[in-house]
Amino acid sequence: MFGDNLDRIVKAIEKNYEADEIFFTKPGRRFPSRSEIKDILKKTRRVIFPGYFGEEMLSPKTSPEYFIGELLIQIERSLRQQIILALTYTDDKCSGPANVSQCGECAAPHIVERTADVLTAFFDELPVVQRKLLTDVEAIFEGDPAAASKEEVIFSYPGLYAIYVYRLANVLYKLDVPIIPRIMTELAHAGTGIDIGAGADIGEYFFIDHGTGVVIGETTIIGDHVKIYQGVTLGALSTRGGQRLSGVKRHPTIEDNVTIYSNASVLGGQTVIGEGSVIAGSTFVTFSVPANSRVSAGEQEISVRGPEDKE
């Protein structure tokens, strides 16, 4: 009977709590909240794409200052709390509990100071993120004949949502905020099937078509006007080195105006796909190719096209 075995089971699980991997080794500290981060993503999307994801009725002729300001205040308050939690949890200098209120008065002074710096940089970057996302909308609309309008792209395309979350997460990643960028991209991954590492460096006019199963590794570099299809992996050749590979460039570089078709895998930190190249579907590429190349699936042949042959 379960009741007869309960004490034994409880003691066995309690013993496992002594393992280093269990977060209870940092008593009193809390992880950032996934639900709060999801809400931050929702509210920030309303700021960047007003009128699509909320009840606000805005037009170019109205004055949106109050709407923008009110939402940014809400986002700042929530994000401040989550950043304090993340920094406190990962900072060995912090010895006290992280029962942080929205004002952050329980956090260590150096955590509060660093959080303020991060927030300033993050919100300063929001207009830049918005401008890049507008180029992504343009790329998707121009590149997909099935797109009826840019409004449809913004409101319904999973590829754009994954790119949106990535662009926000990337700002926090570059500011060395722990945990939160990964939570953001995993929320997008769960919702879209598109997995973009927060540390990837992705240029403007980026287009993910269909998107399901796309994987873009943390150290990937992608130029401008790049288009990739479903099932594409931009990954590492091997991760057997484990944590020794942390910070090492493990993923490929994709230069401007490259198209990579469905189910292709481009692997390796030294692999460079030259500008204007086309990678055919279901290819497995572990070598660099020059500009204006076409890599075919059959025998992995490379043919270099002249400028007059560009699609």
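Note that the structure is a prediction, hence the values are computed from the model and not measured.

> Quick one: what's the story with a nonpolar patch on the surface, residue by residue and with numbers?
Taken together, the side chains of Phe2, Leu6, Ile9, Val10, Ile13 and Tyr17 present a nonpolar region at the surface, about 540 Å² in accessible area. With respect to the secondary-structure elements, Ile9 resides in helix α1 (residues 2-16). The partly exposed category is assigned to Ile9, whose relative accessible area is 32%.

> Explain the sheet that holds strand β10 (residues 265-267) residue by residue, including any values.
Read from one edge of the open sheet, five strands run β1-β4-β7-β10-β13, paired in parallel fashion. Every other strand in the sheet has two partners, leaving β1 (195-196) and β13 (284-285) as the edge strands with one partner each. The pairing of strand β7 (residues 233-235) with β10 spans three bridges and is parallel. Along β10, the bridge assignment pairs Thr233 with Ser265.

> I'd like a description of the sheet that holds strand β5 (residues 221-222), backed by residues and values.
Across the sheet, which stays open at both edges, the four strands sit in the order β2-β5-β8-β11 with parallel pairing between neighbours. The outermost strands of the open sheet, each flanked by one partner alone, are β2 (201-202) and β11 (272-273). With two bridges joining them, β2 and β5 adopt parallel strand pairing. Among the inter-strand pairings, Asp201 is bridged to a residue of β5, identified as Ile221.

> Outline the packing of aromatic side chains, supporting the account with residue identities and numerical values.
The relative placement of two aromatic rings is captured by the distance of their centres and the angle of their planes. Following the criterion strictly, the structure yields seven aromatic pairs and no others. Seen in terms of ring centroids, Tyr161 and Tyr164 are 6.0 Å apart; in terms of plane orientation they differ by 40°. Their pairing is tilted. Highlighted residues: Tyr161 and Tyr164, both in helix α6 (residues 158-174), separated by three residues, approximately one helical turn. By relative accessible area, Tyr161 is classed as partly exposed at 21%. Counting every residue linked through ring pairs, the aromatic cluster contains Phe49, Tyr52, Phe53 and Phe155. The ring of Phe53 carries Arg45 above its face, with NZ or CZ at 3.6 Å from the centroid.

Cut-off values and rules
- Residues numbered from 1 in each chain as written.
- Predicted model: local features only at pLDDT ≥ 70, side-chain atom pairs only at ≥ 80, totals over all residues.
- Heavy atoms only, no water.
- Patch = residues over 30% accessible without salt bridge, like charges linked within 9 Å, V, L, I, M, F, W, Y side chains within 5 Å.
- Areas by Shrake-Rupley, 256 points an atom, 1.4 Å probe, with all protein chains shown as cover.
- Salt bridge = Lys/Arg side-chain N within 4 Å of Asp/Glu carboxyl O.
- Helix = DSSP H or I, 4+ residues; strand = E, 2+ residues; numbered from the N terminus.
- Buried < 20%, exposed > 50% of the residue type's maximum accessible area, 1.4 Å probe, protein only.
- Pairing = 2+ DSSP bridges.
- Phe/Tyr/Trp six-rings, centres within 6.5 Å; stacked < 30°, edge-to-face > 60°.
- Lys NZ or Arg CZ within 6 Å of the ring centre and 35° of its normal.

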